[in-house]
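Understanding the architecture of this molecule
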Amino acid sequence: MAEKKMSGLDKLSRRKKLGFVTGSIKGSARKIVDRSVKPKRLVNIVTWKCNGNCTMCNISRMQDPAKEITLGEYEEMLKDKEFWSSLKSMNVTGGEPFMRKDLLDLIFLFQEKCKNLERVDIATNGFLTEKIVQSVKELLREGRTDIGVSVSLDGIYEMHDKIRGVKGAFEKTSATIRALRKLEKEHDNLILTTQCVVSRINIGHLKKLDEFCRKNGVPSSLSIASFQDSYYKNTDKRHLGLTGEEVKRIFNRAHFIDYYIHKQVDKKKRYLPCDSGFGTFSINPDGDVYFCNNLTKVGNVRENRIRDIWNSEKADKVRSFIKKGDVCRECFFSCDLASAVQENFPLMVKFGVVHYLLKKGVLKLK
């Protein structure tokens, strides 16, 4: 039943929930005084290198790792302290980020230069167990920010191996999860979760996966397989996508996000806010800058200063397009939701009320 399913929001401690509320109040107040748009969240795609061969993704086969931004180029970009002054969180992803040799140096650089950075999240397939665990230990030892690690887990046993295209993938990933779970119990600033990319291949396998995660005490989150040429290079795999009714069947928790996703499917209209281009953006390994990977790029950090890209006429046009929401009708990502409500306290209250009414059974998913 939907009421029995837990979400990341449900698992947050009272202290962290209170911190988010107070942060939203402060952010709303700041926005009244300062109307300038500055990034609060960066999706940093640090490498195209990948040791997986996933059925729904072509990154490892179609990208050129030789063109990746160097540590020196990152350092030059971060000299603009004013531009980066509002950055609160960074999502480090790939490819497989732990295949980048200077990954820790890169993270330490952002932690040093971005004084308001509070959290660094790292997405990994979990194959490089020893390297991942040692790297996370070093990040925790420094203690500069909270560290989140999201391990890809698309199924159990043969299903995960099939989707990731690597024999023994489940065994490797499970070993990483066990080691990080142990580490999480010892460190308050480590947040571990698993991420399942749902496609036509594993949609009938989610119950088994949920049971595995519950048994092992690991939160599991779901995302719908996305098809983009700018990132995954996988528009040839659209046949693996899901129907609207299948999306509703997957997002069936008593949770405000699921509630609004159901409305989105039914009404063909985006209800969850997206902060892309306003508070969040992404940088590809070759320096291309995107507000949304479903849209055109807005610039390249090797050709122009990041501040000039962010404030360009092209960037404003993309923002206007995003604001209309037409492009978002079939997008079910809620990853930009947190930054969207950090400066919109009334919106956060609205979502909080809906979430409470769902938990109490006053509101129900259709």
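Preceding this section is the structure that the text describes.
Remember, it's a predicted structure, so these values are computed and weren't measured experimentally.

Side note on the packing of aromatic side chains
If you walk through the whole model with that rule in mind, you get 16 aromatic pairs. Judged by centre distance (6.3 Å) and plane angle (75 degrees), the ring pair of Phe-83 and Phe-281 falls under edge-to-face. With Phe-83 in the loop between helix 4 (71–77) and strand 2 (89–93) and Phe-281 in strand 7 (residues 280–283), the pair connects residues that are 198 residues apart, well separated along the chain. With a centroid separation of 5.1 Å and an interplanar angle of 80 degrees, the aromatic rings of Tyr-259 and Tyr-260 are classed as edge-to-face. An aromatic cluster is present here, built from Tyr-74, Phe-83, Trp-84, Phe-110, Phe-281, Phe-291 and Trp-310 joined pairwise through their rings. The positively charged end of Lys-172 is found above the aromatic ring belonging to Phe-127, 5.8 Å away from the centroid.

Side note on unusual backbone geometry
Phi at Tyr-157 takes a positive value of approximately 55 degrees, unusual for a residue other than glycine. Here Tyr-157 is to be found in the loop between strand 4 (146–152) and helix 7 (158–164). Positive phi, normally seen in glycine, also occurs at Lys-233, with a value near 55 degrees. Positionally, Lys-233 belongs in the loop between strand 6 (220–224) and helix 10 (244–250).

Some words on the sheet that holds strand 8 (residues 288–290)
Note: strands within a sheet are paired through backbone hydrogen bonds, in either parallel or antiparallel orientation. What the 9 strands build is an open sheet, ordered 6-5-4-3-2-1-7-8-9; its pairing is mixed. Unpaired on one side and paired on the other, strand 6 and strand 9 (299–300) mark the two borders of the sheet. Bridge count between strand 1 (residues 41–45) and strand 2: 5 bridges; the pairing is parallel. Within the sheet, the bridge partner assigned to Asn-44 lies in strand 2 and is Val-92. Helix-sheet contacts for helix 6 (residues 129–142) involve strand 3 (119–124), strand 4 and strand 5 (190–198), and the interaxial angle to strand 4 is about 165 degrees. Lying over the sheet, helix 8 (residues 169–186) contacts strand 4 and strand 5, oriented at roughly 150 degrees with respect to strand 5.

Remarks on the pairing of strand 4
Burial of strand 4 is extensive: 6 of the 7 residues sit out of reach of the surface. Here strand 3 pairs with strand 4 via 6 bridges, running parallel. Counted as the bridge partner of Ala-123 is Ser-150 from strand 4. In this fold, the crossover linking strand 3 to strand 4 by way of helix 6 has right-handed handedness. Sheet topology places strand 4 next to strand 5; 6 bridges connect them, and they run parallel. Pairing of Ile-147 across the sheet is with Leu-190, part of strand 5.

What counts and what doesn't
- Within each chain, residues carry numbers counting from 1 in the order of the written sequence.
- Restriction of local features to residues with pLDDT of at least 70 applies here, the model being predicted, together with a cutoff of 80 or more for giving and counting side-chain atom pairs; totals for whole chains, interfaces and linings are based on all residues.
- Excluding hydrogens and water, the side-chain values take into account all heavy atoms of the structure.
- Each aromatic pair joins two rings of Phe, Tyr and Trp (for Trp, the six-membered one) with centres within 6.5 Å, and gets the label stacked for planes under 30 degrees apart, edge-to-face for over 60, and tilted for any other angle.
- In DSSP terms, a helix is any run of H or I states spanning at least four residues, a strand is any run of E spanning at least two, and both are numbered starting from the N terminus.
- For a ring to carry a charge above it, either NZ of a lysine or CZ of an arginine must fall within 6 Å of the ring centroid while also lying within 35 degrees of the normal to the ring plane.
- Two strands qualify as a pair provided DSSP detects at least 2 bridges between them.
- Here, residues are in contact when the closest pair of their heavy atoms is within 4.5 Å.
- Note on geometry: axes are lines fitted to C-alpha atoms, helical ones only across the stretch in contact, with angles between N-to-C directions running from 0 to 180 degrees.
- Relative accessible area decides the class of each residue, using a 1.4 Å probe on protein chains only: under 20% of the type maximum gives buried, over 50% gives exposed, and in between gives partly exposed.
- Handedness of a crossover: with both strands directed away from the viewer, a clockwise path from the first strand across the helix to the second marks it as right-handed.

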